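Next come the chains, spelled out residue by residue.
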Amino acid sequence: MDEMEEELKCPVCGSFYREPLILPCSHNLCQACARNILVQTPEAESPQSRRASGVSDYDYLDLDKMSLYSEADSGYGSYGGFASAPTTPCQKSPNGVRVFPPAAPPPPHLPPAALAPVPRNACLTCPQCHRSLILDERGLRGFPKNRVLEGVIDRYQQSKAAALRCQLCEKAPKEATVMCEQCDVFYCEPCRLRCHPPRGPLAKHRLVPPAQGRVSRRLSPRKISTCTDHELENHSMYCVQCKMPVCYQCLEEGKHSSHEVKALGAMWKLHKSQLSQALNGLSDRAKEAKEFLVQLRNMVQQIQENSVEFEACLVAQCDALIDALNRRKAQLLSRVNKEHEHKLKVVRDQISHCTVKLRQTTGLMEYCLEVIKENDPSGFLQISDALIRRVHLTEDQWGKGTLTPRMTTDFDLNLDSAPLLQSIHQLDFVQMKVAWFSFDPGSAHSDILFSNDNLTVTCNSYDDRVVLGKTGFSKGLHYWELSIDRYDNHPDPAFGVARVDVLKDVMLGKDDKAWAMTEGGITKGATVGVLLDLTRRTLTFSINEDQQGPVAFENMEGLFFPAVSLNRNVQVTLHTGLPVPEFYTSRASMQ
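Residues numbered from 1 in each chain as written. Predicted model: local features only at pLDDT ≥ 70, side-chain atom pairs only at ≥ 80, totals over all residues. Heavy atoms only, no water.

Caption draft 1: View of the sheet that holds strand S14 (residues 244-246). In spatial order, the strands read S14-S13-S15; together these three strands make up an open sheet with antiparallel pairing. Edge positions in the sheet fall to S14 and strand S15 (261-263), since each of these pairs with one other strand and no more. In this sheet, adjacent strand axes meet at a mean angle of 40 degrees when their direction is disregarded. Across three bridges, strand S13 (residues 237-239) lies against S15 in antiparallel orientation. Residue methionine 237 lies in a different strand from S15, and its bridge partner there is alanine 263. Set on the sheet, helix H8 (residues 264-319) makes contact with S13, S14 and S15; between it and S15 the angle comes to about 85 degrees. (Pairing = 2+ DSSP bridges. Helix = DSSP H or I, 4+ residues; strand = E, 2+ residues; numbered from the N terminus. Axes fitted to C-alpha atoms, helices over the stretch in contact; angles between N-to-C directions. Contact = heavy atoms within 4.5 Å.)

Written out as structure tokens, the structure is:
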């Protein structure tokens with residue numbers, strides 16, 4: 001539940017909400033913080049005069065934004081305060097949100113009742129969305145209190161609380177041994193004997209174990225939400241047009257008298273159901289994000305392994321050359337290292353971005369689940385619409401290509417050592433056309449069995465299972481072969497290419513993530529050739545060097561991995577680093 005903590009903190013003071021108010025923009029503020037960031041508007045900007053002139057309450061913000069952000073983006077801006085207060089610069093709250101004016105706490109010597117009343121014509125600006133609202137004659141009482149949020153914070157703090165400590169120890173509090181239900185105080189044994197002796201009027205007090213005292217505190221009745229317009233009335237109906245709970249007096253004489261209303265309990269259940277359904281979709285996205293993070297972390301390891309392997313090959317070639325080649329070798333290694341760092345940076349940045357988004361998503365999910373546990377229909381309906389919108393919006397944000405890797409793990413570079421010694425200064429990388437690779441145990445189905453340095457595979461299941469090659473291709477011309485070592489009882493193996501997220505427990509080609517050729521006359525000892533030409537964007541197959549029909553697939557774009565699906569009746573061996581077959585080179589020369 002740690003991810004949910006940011007949902008429970010005020011954007012102004014950075015602490016857990018205390019008496020939170022629901023603003024018209026659906027954000028929340030502590031009641032004290034809302035009072036601290038109020039500013040006074042000119043007399044001509046009273047709610048009555050603005051409504052008479054047809055001007056929106058939110059237009060006031062646009063005017064202030066002009067003056068605020070025109071001060072050379074210095075981090076400060078002027079904002080009119082109360083009539084009794086001078087103009088003050090803006091500051092940032094503990095969580096980095098700008099507030100106007102500074103959110104100064106009330107003097108400690110003044111009780112809450114002694115606070116100054118909300119000034120006339122006060123304006124409140126939400127520190128999160130920067131929407132501005134001019135308060136009416138009710139002041140902050142016109143904003144409903146978020147009882148649901150209070151309940152969630154109470155449960156969260158109780159779940160995070162450590163061992164209960166004595167409340168009367170002067171220095172290091174000792175662990176409490178009892179709680180007095182009448183005094184509502186936790187005592188250690190020495191403090192109980194000193195401050196709560198079992199005699200006189202205190203003898204009738206009931207002492208209970210600390211854990212039982214915590215439960216009794218938790219079960220104390222919570223305040224029932226009342227109507228903001230009629231403070232003595234409880235909410236009894238739900239206004240469909242205004243999307244808020246209302247009382248009977250609102251329906252009889254208030255602004256909701258002509259609006260469509262529905263039963264509070266029925267709308268409570270409906271909105272809980274809608275929020276639960278929205279959470280199901282978001283939960284699926286969160287699960288995909290966790291799997292995607294595992295994939296990205298595996299990519300980091302694979303990039304590092306490929307980098308080490310590539311550098312070793314490069315060093316071996318460069319060391320065979322003369323001194324001039326050694327100087328060139330250093331330059332090439334520098335380029336490889338830059339490519340290595342670039343790939344790692346892209347993947348790590350994506351990991352960081354996805355981790356933050358997943359943490360926010362998980363926090364929102366946990367908060368919503370806690371809200372669903374609430375039994376206060378009125379309080380729930382005050383925030384349910386906003387939560388449903390947030391859940392849908394967060395789900396949509398996961399669906400815009402967020403779960404697609406931005407970088408491949410391969411180094412599409414090859415050192416061409418053919419040039420003569422006098423041409424060493426022209427030595428450069430060329431695109432790799434001949435690839436050496438094996439099957440990848442890390443991404444294969446668990447039923448796949450590997451041998452021969454991961455070049456030979458079979459399966460221990462009668463169902464089809466998929467295994468991918470360790471190298472993916474996004475450009476160039478690539479050819480590899482698979483020899484059929486065992487072929488019993490007429491199985492249906494499939495050969496081709498696939499995306500990295502192809503289904504691993506069905507025959508290759510059964511989903512939209514794979515392109516494959518099935519059996520087609522294959523026997524034991526046969527050799528299946530797969531030719532992927534990403535320059536022409538085609539995929540072609542051959543059996544025993546005879547092309548199988550015309551081009552099998554066209555318009556191939558993206559990152560593809562060699563792939564095979566088989567069951568326990570088939571065993572195949574992979575052969576790589578092969579030249580392109582003659583039937584294809586002759587056809588290419590004719591075009």
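Caption draft 2: Representation of the environment of phenylalanine 439. Residue position: phenylalanine 439 is located in the loop between strand S17 (429-430) and strand S18 (448-451). Phenylalanine 439 sits 134 residues away from threonine 573 along the chain, and the two C-alpha atoms are 9.5 Å apart. When neighbours within four sequence positions are excluded, phenylalanine 439 is seen to be in contact with Phe450, Asn454, Leu455, Val457, Val467, Leu468, Gly469, Lys470, Leu482, Val564 and Leu574.

Caption draft 3: Focus on the side chain of serine 307. Tracing the backbone through its elements, the reader meets serine 307 in helix H8. For serine 307, a relative accessible area of 2% gives the class buried. Here histidine 340 takes part through its side chain, which lies 3.4 Å from a polar atom of the side chain of serine 307. Once residues within four sequence positions are removed from consideration, serine 307 is found in contact with His340 and Phe411. (Buried < 20%, exposed > 50% of the residue type's maximum accessible area, 1.4 Å probe, protein only. Polar contact = N/O pair within 3.5 Å; in protein donor to acceptor, adjacent residues only side chain to side chain.)

Caption draft 4: The arrangement of the packing of aromatic side chains in detail. Counted under the stated rule, the structure contains five aromatic pairs. Here the aromatic rings of phenylalanine 437 and tryptophan 480 are separated by 5.9 Å at their centres, their planes lie at 80 degrees, and the arrangement is edge-to-face. Taken together, the positions of phenylalanine 437 in the loop between S17 and S18 and tryptophan 480 in strand S21 (residues 477-487) put the pair 43 residues apart, joining distant regions of the chain. You can call tryptophan 480 buried: its relative accessible area is 2%. Following the ring pairs from residue to residue traces out a cluster consisting of Phe437, Phe473 and Trp480. The lysine or arginine in question, lysine 9, covers the ring of phenylalanine 16, its NZ or CZ lying 5.9 Å from the ring centre. Here the guanidinium or amino end of lysine 272 rests over the ring plane of phenylalanine 380, the centre of that ring lying 5.8 Å away. (Phe/Tyr/Trp six-rings, centres within 6.5 Å; stacked < 30°, edge-to-face > 60°. Lys NZ or Arg CZ within 6 Å of the ring centre and 35° of its normal.)

Caption draft 5: A look at the nonpolar core. Ranked by size, the top nonpolar core spans 72 residues in total, and within it Leu275 and Tyr367 carry the most contacts. Broken down by secondary-structure element, the contributors of at least two residues to this core are strand S1 (20-22), strand S2 (28-30), helix H1 (31-36), strand S8 (122-125), helix H4 (147-160), H8, helix H9 (323-372) and helix H10 (377-398). Per-element tally for this core: the top contributor is H8, with 18 residues. Beyond its immediate chain neighbours, meaning those up to four positions away, leucine 275 contacts Cys368, Ile372, Phe380, Leu387, Ile388 and Val391. In terms of nonpolar packing, the next biggest core, distinct from the first, is built from 33 residues, Ile484, Val497, Ala526 and Leu534 among them. (Core = buried A, V, L, I, M, F, W, Y, C linked by side-chain atoms within 4.5 Å.)

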